[in-house]
Amino acid sequence: MSEQDEITALERLELADWRRRVSDLYATVRTEAAVAPERAWATWRETREELFRTHPQSPVPAGARAGFRARHWPYDPAWRFEAVVEPWEPEADVAGPLSGFGLGLAEPMLGGFTLALPISTGGEEEFTRIGRVTLPFAAGERSLGLYWMAGYAGGLFLPFRDATSGRETYGAGRYLLDAAKSADLGPGAQPGSLVLDFNFAFQPSCAFDPRWACPLAPPENRLDIAVEAGERLA
């Protein structure tokens, strides 16, 4: 359900079931990906598409669900990384990458700064920037900010935009991690690292229906390369 709608008891139960199923899916994916990442990706694609077609809490409008088919680039292991999270340096925000972009930067918190990311339907949502990851893309290293959600029960959040945004993918970007929706591929082998596999990058719910409210990728997470991996527009 979108946050603007009045939610009935039945719809809350359906939403709980949706979250349970997605959580179970990512638990399966994390186990499979440890030995066979591409097979785990196939499981993720097939199960997620089935949920989008059949579940009453699918983000796809009801009239479009029966014929829904997800589109993805073919799996490419070059887009899978295990990245060590670099703690955020508070002094970097004095004149850092968010300066001049109109994002609300609040007081420093333990482990990072709170900031307000714009929402697709208007307004803002608070996050704490906790670190960054540097990824060795074929075109050269690029960094992305890593965030912790202030709402829900907290959780990691990593959105990004790239050169496919607005053409092959949703214009406001895609998500790599969204722990509030269980989208988390788990830790890497090194302490303090995360598995970041762009083959699992997905469109936010607002890409399917504008009634959904989705946080948007901030300027520091806008890549100047085309990430031809993960979910693309149908």
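One can find the structure itself at the top, above this paragraph.
Now for a look at the structure at hand. All chains use their own residue numbering, which begins from 1 and follows the written sequence. For a predicted model such as this one, the threshold for reporting local features is a pLDDT of at least 70, and the threshold for listing and counting side-chain atom pairs is 80 or more; totals across whole chains, interfaces and linings nevertheless cover every residue. The basis for every side-chain value is the complete set of heavy atoms in the structure, and neither hydrogens nor water enter the calculation.

With respect to the packing of aromatic side chains
Point 1. Note on ring pairs: Phe, Tyr and Trp rings are taken, using the six-membered ring of Trp, and paired if centres are within 6.5 Å. Classes follow the plane angle, with under 30 degrees stacked, over 60 edge-to-face and the rest tilted. For the structure on display, the rule yields 15 aromatic pairs.
Point 2. Aromatic side chains Trp44 and Phe200 sit 5.1 Å apart centroid to centroid with 55° between the ring planes, which places their arrangement in the tilted category. Residue Trp44 is found in helix α2 (residues 37-54), and its partner Phe200 is found in the loop between β10 (193-197) and β11 (231-232); the two are separated by 156 residues along the sequence. Pair check on accessibility: Trp44 and Phe200 agree, each one buried. Numbering goes from the N terminus for both helices and strands, where a helix is a DSSP run of H or I of at least four residues and a strand is a run of E of at least two. Relative accessibility decides the category of a residue: with a 1.4 Å probe and only protein chains considered, values under 20% of the type maximum give buried, values over 50% give exposed, and everything between is partly exposed.

Examining the nonpolar core
Point 1. What is meant by a nonpolar core is a set of buried Ala, Val, Leu, Ile, Met, Phe, Trp, Tyr and Cys residues, joined one to another through side-chain atoms within 4.5 Å. Core analysis: the biggest nonpolar cluster contains 30 residues, and Tyr26, Val29, Trp44, Phe157 and Phe200 have the highest contact counts within it.
Point 2. For this core, the secondary-structure elements that each account for two or more residues are α1 (9-33), α2, β5 (112-118) and β7 (140-149).
Point 3. Looking at which element gives the most residues to this core, the answer is α1, with 6 residues.
Point 4. In this structure, Phe137, Leu146, Leu223 and Ile225 belong to the second largest nonpolar core, which totals 21 residues.

Focus: the environment of Trp88
Point 1. With respect to the helices, strands and loops of the structure, Trp88 is situated in the loop between β3 (86-87) and β4 (104-109).
Point 2. Taking the relative accessible area as the measure of exposure, Trp88 reaches 6% and is therefore buried.
Point 3. Remark: the alpha-carbon pair of Trp88 and Gly131, spanning 43 residues in sequence, is separated by 4.2 Å.

With respect to α2
Point 1. A helix is expected to span 1.5 Å for every residue after the first. Taking 1.5 Å per residue as the helical rise, α2 with its 18 residues ought to reach 26 Å, and the 26 Å between its terminal C-alpha atoms agrees with that figure.
Point 2. When checking whether two residues touch, look at their non-hydrogen atoms; a contact exists if any pair is within 4.5 Å. Looking at the buried positions of α2, the neighbouring elements they touch are α1, β1 (71-72) and β11.

Considerations on the side chain of Asp178
Point 1. Counting through the fold element by element, Asp178 comes out in strand β9 (residues 174-178).
Point 2. With relative accessibility at 2%, the residue Asp178 sits in the buried group.
Point 3. Sequence-distant contacts of Asp178, that is, excluding residues within four places in its chain, are made with Met149, Leu156, Phe157, Ala183 and Phe202.

Observations concerning the environment of Leu13
Point 1. Structurally, the position occupied by Leu13 is in helix α1.
Point 2. Placed 44 residues apart in sequence, Leu13 and Gln57 show a C-alpha to C-alpha distance of 9.9 Å.

Concerning the pairing of strand β2 (residues 80-84)
Here is the key point about a regular strand: its side chains alternate between the two faces of the sheet.
Point 1. Burial of the side chains of β2 is restricted to one face: Phe81 and Ala83 are buried, whereas none of Arg80, Glu82 and Val84 on the reverse face is.
Point 2. Two strands qualify as a pair provided DSSP detects at least 2 bridges between them. Two elements, β2 and β10, share 5 bridges in a ladder whose sense is antiparallel. Bridge pairing in β10 links Ala83 to Leu194.

Quick notes on the pairing of strand β6 (residues 124-137)
Point 1. Here β3 pairs with β6 via 2 bridges, running antiparallel. For Pro87, the partnering residue across the bridge sits in β6 and is Gly131.
Point 2. Counting the residues in the hairpin turn of β6 and β7 gives 2 residues.

Some details on the pattern of salt bridges
Point 1. Salt bridges are defined by distance alone: a side-chain nitrogen of Lys or Arg within 4 Å of a carboxyl oxygen of Asp or Glu. What the rule picks out here adds up to 12 salt bridges.
Point 2. Note that Arg53 is salt-bridged to Glu50, the shortest N-O span being 2.8 Å. Of this pair, Arg53 and Glu50 both sit in helix α2, 3 residues apart, which is roughly one turn of that helix.
Point 3. The class for Arg53 is partly exposed, based on a relative accessible area of 21%.
Point 4. Residue classification places Glu50 among the partly exposed positions, given a relative accessible area of 38%.
Point 5. Among the ionic pairs, Glu220 bridges to Arg129, the shortest N-O distance being 3.0 Å. Linking Glu220 in the loop between β10 and β11 with Arg129 in strand β6, this pair joins segments that are 91 residues apart in sequence. Grouping residues by exposure puts Glu220 and Arg129 together as buried.
Point 6. Among the ionic contacts, a cluster of salt bridges with common partners joins Asp17, Arg20 and Arg21.

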